[in-house]
Amino acid sequence: MSYQSKNIANENFSSQNMQSDRVLLISVIFLVVIGLMAIFSASAPKCIEMGVNPTRFLVQQLLGVTAGFIGLKILSNFHYKKLMTYTLPYAIFVIIMLVLVKIAGVTVNGAQRWINIGPLSIQPSEFAKPAIVMLLAGVFYRNTKIVDNSKIATAFIPIMIMLGLIYMQPNLSMIILLMATAVAIYICAGGSIQFVAISGACFAALLALKGLRGYQSSRITTWLHPEADPLGAGYNVIQSMVAFASGGFYGVGYGSSKQKLAWLPEAHTDFIYAVIGEEHGFLGCLLIICLFWTILQRGFIIAVKCQDMYGKLLALGLTFSICFQGFLNMWVASSFVPATGVPMPFISYGGSSVMVSLWMVGILLNISKDNVKRIRNNNNARNI
């Protein structure tokens, strides 16, 4: 092979190396744009009622989106293997933030989950999602032994501290999300399904023995029989169902939702999917499902193509965390599962949620970029 041909091959390799999974990125951008439109539509009436600028929540969400895309750009160019060096410091940072929530956090609807830093409101539990994925990927990529002194010190103790602090907020829905992600990583790393089943049974027994908090047990009762208290505990679920029914197949049109005006609480956060269902109908809901399904598919493809176990587990954990949270929000709005209070990634109002979700996508893009680099490098080697 001539020197000139080698240069051309190297140039092609460099160009190809800069590309990442475009389908994944485009799907995420679509969700973010849909989210911004939905937040404005769902929150404008509430802002007018409060006597503030109708774009208040939209502007605040744009700040989180901007920070998220900046982080996405940085992380997509930051080799994912270097994250192992920063995993424990990042976990310690998350723990400190969670401790600050307990000391000086803001309480909303009986839950102390936020910290106000100037005009910004931060939810530290959102930062625990990538932290736990990074910790578990870093200890399970070699083997899945649970009883290991190094693993206990470097991963399991920080994870248990984070879960304990989040439980104290209380935020059981985030605990469920984090534990489900941990189980998915452990099983895909080759862990024992029998161990997972026994641990799950012990956890369920512990919950039954300790008992759920009053509002947590009432959510299950309300989910089973919302009509028993239509103006109280069952109000949100019933109004969400009314929104979906009103939307029909095509929807009533963007901005024309009636449920968001006075009947559906938290229309721009937990139940934003119901507003989308009313305004854009079955087709709008199907589009959201397809976009999340595309992210799930592309994330798993990235994990399969990755050549090292750490990257596989990292990609799988991040993908599962994003998509499981998205589908969980849809299930709650559709009354398939009890209300959890989990926002929909990229769409629901919440600067911390959209920012962290975009950062996680940035890591996925970097893993996909490394896959392209390796494949291209192998092809060049065969051509020489």
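The model shown is predicted, which means the values in this text are computed figures rather than measured ones.

### Some details on the nonpolar core
Side chains that are nonpolar tend, in soluble globular proteins, to be buried together.
Then comes step 1: If you look at the biggest cluster of nonpolar residues, it comprises 99 residues, and the most contacted ones within it are Phe-140, Met-162, Ile-288, Phe-292, Leu-314 and Phe-346.
Then comes step 2: Contact partners of Phe-292, with chain neighbours within four places excluded, come to Leu-31, Ile-322, Cys-323, Gly-326, Phe-327, Met-330, Met-344, Pro-345 and Phe-346.

### What to know about the packing of helix H2 (residues 22-50) against helix H3 (residues 56-76)
Then comes step 1: Closest axis-to-axis distance for the H2/H3 pair is 7 Å, and the angle between their directions is 160°. With respect to each other, H2 and H3 are oriented roughly antiparallel. As for how H2 packs across H3, the hand of that crossing is right-handed. Contacts between H2 and H3 pair Leu-25, Ile-29, Val-32, Leu-36, Ile-39, Phe-40, Ser-43, Cys-47 and Met-50 from the former with Arg-56, Phe-57, Leu-58, Gln-61, Leu-62, Val-65, Phe-69 and Leu-72 from the latter.
Then comes step 2: In terms of residue class, the contact of H2 with H3 is built from 14 nonpolar, two polar and one charged.

### Description of the environment of Gly-351
Then comes step 1: With respect to the secondary-structure elements, Gly-351 resides in helix H14 (residues 351-383).
Then comes step 2: It is 7.1 Å that separates the C-alpha atoms of Gly-351 and Gln-60, two residues lying 291 residues apart in sequence.
Then comes step 3: With residues near it in sequence (within four places) discarded, Gly-351 still touches Gln-61 and Gly-64.

### Details of the confidence of the model for the protein chain
Then comes step 1: The predicted model of the protein chain averages 83 in pLDDT, with 83% of residues at 70 or higher.
Then comes step 2: Note on residues 1-17: pLDDT under 50 across the span, and 14 contacts to partners over four residues away in sequence or across chains.

### A look at the environment of Cys-323
Then comes step 1: One can find Cys-323 in helix H13 (residues 309-333).
Then comes step 2: In contact with Cys-323, not counting residues within four places along its chain, are Phe-292, Ile-295 and Leu-296.

### As for helix H12 (residues 272-305)
Then comes step 1: For H12, spanning 34 residues, the distance from its first C-alpha to its last is only 35 Å, which falls clearly below the expected 50 Å at 1.5 Å a residue.
Then comes step 2: The largest bend in H12 comes to about 130°, at His-280.

### Some words on the pairing of strand E2 (residues 111-117)
Then comes step 1: As paired elements, strand E1 (residues 106-108) and E2 share three bridges and run antiparallel to each other. Of the residues in E2, the one forming a bridge with Thr-107 is Gln-112.
Then comes step 2: Between E1 and E2, which pair antiparallel in sequence order, lie two residues; one of them, Asn-109, sits at a positive phi of approximately 55°.
Then comes step 3: Here three bridges tie E2 to strand E3 (residues 120-122), and the two strands are oriented antiparallel to one another. Looking at E3, one finds that Ile-115 is bridged to Ile-122.
Then comes step 4: Taking the residues between adjacent antiparallel strands as the criterion, E2 and E3 are bridged by two residues, where Gly-118 takes a positive phi near 65°.

### Looking at the packing of aromatic side chains
Then comes step 1: In this structure the tally under the stated criterion is 17 aromatic pairs.
Then comes step 2: Seen in terms of ring centroids, Phe-249 and Tyr-250 are 4.9 Å apart; in terms of plane orientation they differ by 80°. Their pairing is edge-to-face.
Then comes step 3: Look at Phe-249 and you get partly exposed, because its relative accessible area is 41%.
Then comes step 4: Through successive ring pairs, a cluster of aromatic residues spans Phe-292, Phe-320, Phe-324, Phe-327, Trp-331 and Phe-346.

### Considerations on the sheet that holds E2
Then comes step 1: An order of E1-E2-E3 is seen for the three strands of this open sheet, with the pairing classed as antiparallel. Two strands lie at the open edges of the sheet, namely E1 and E3, each paired on one side alone. Strand-to-strand twist of the sheet, defined as the mean angle between neighbouring strand axes without regard to direction, takes the value 45°.
Then comes step 2: With respect to the sheet, helix H4 (residues 83-104) is in contact with E1, E2 and E3, its orientation differing from that of E2 by roughly 100°.

### Structural notes on the side chain of Thr-319
Then comes step 1: Within the secondary structure, Thr-319 is located in helix H13.
Then comes step 2: A relative accessible area of 0% places Thr-319 in the buried class.
Then comes step 3: When sequence neighbours within four positions are dropped, the list of residues in contact with Thr-319 reads Ile-295, Leu-296, Gly-299, Phe-300 and Leu-364.

### Observations regarding the pattern of salt bridges
Then comes step 1: Applying the stated criterion across every chain, the model contains three salt bridges.
Then comes step 2: Linking Asp-21 and Arg-298 is a salt bridge whose minimum nitrogen-to-oxygen distance equals 3.0 Å. Separated by 277 residues along the polypeptide, Asp-21 in the loop between helix H1 (3-17) and H2 and Arg-298 in helix H12 bring together distant segments of the chain.
Then comes step 3: Here Glu-126 ties to Lys-129 by a salt bridge, and the two come within 2.7 Å at their closest N and O atoms.

Quick notes on the rules
Residues numbered from 1 in each chain as written. Predicted model: local features only at pLDDT ≥ 70, side-chain atom pairs only at ≥ 80, totals over all residues. Heavy atoms only, no water. Core = buried A, V, L, I, M, F, W, Y, C linked by side-chain atoms within 4.5 Å. Buried < 20%, exposed > 50% of the residue type's maximum accessible area, 1.4 Å probe, protein only. Contact = heavy atoms within 4.5 Å. Axes fitted to C-alpha atoms, helices over the stretch in contact; angles between N-to-C directions. Helix = DSSP H or I, 4+ residues; strand = E, 2+ residues; numbered from the N terminus. Parallel < 35°, antiparallel > 145°, perpendicular 65-115°, else oblique. Left-handed = near helix turned anticlockwise from the far one by under 90°. Nonpolar A, V, L, I, M, F, W, Y, C, P; charged D, E, K, R; others polar. pLDDT = per-residue confidence, 0-100. Expected span 1.5 Å × (residues − 1). Bend = angle between axes of the 7 residues up to and from the residue. Pairing = 2+ DSSP bridges. Phe/Tyr/Trp six-rings, centres within 6.5 Å; stacked < 30°, edge-to-face > 60°. Salt bridge = Lys/Arg side-chain N within 4 Å of Asp/Glu carboxyl O.

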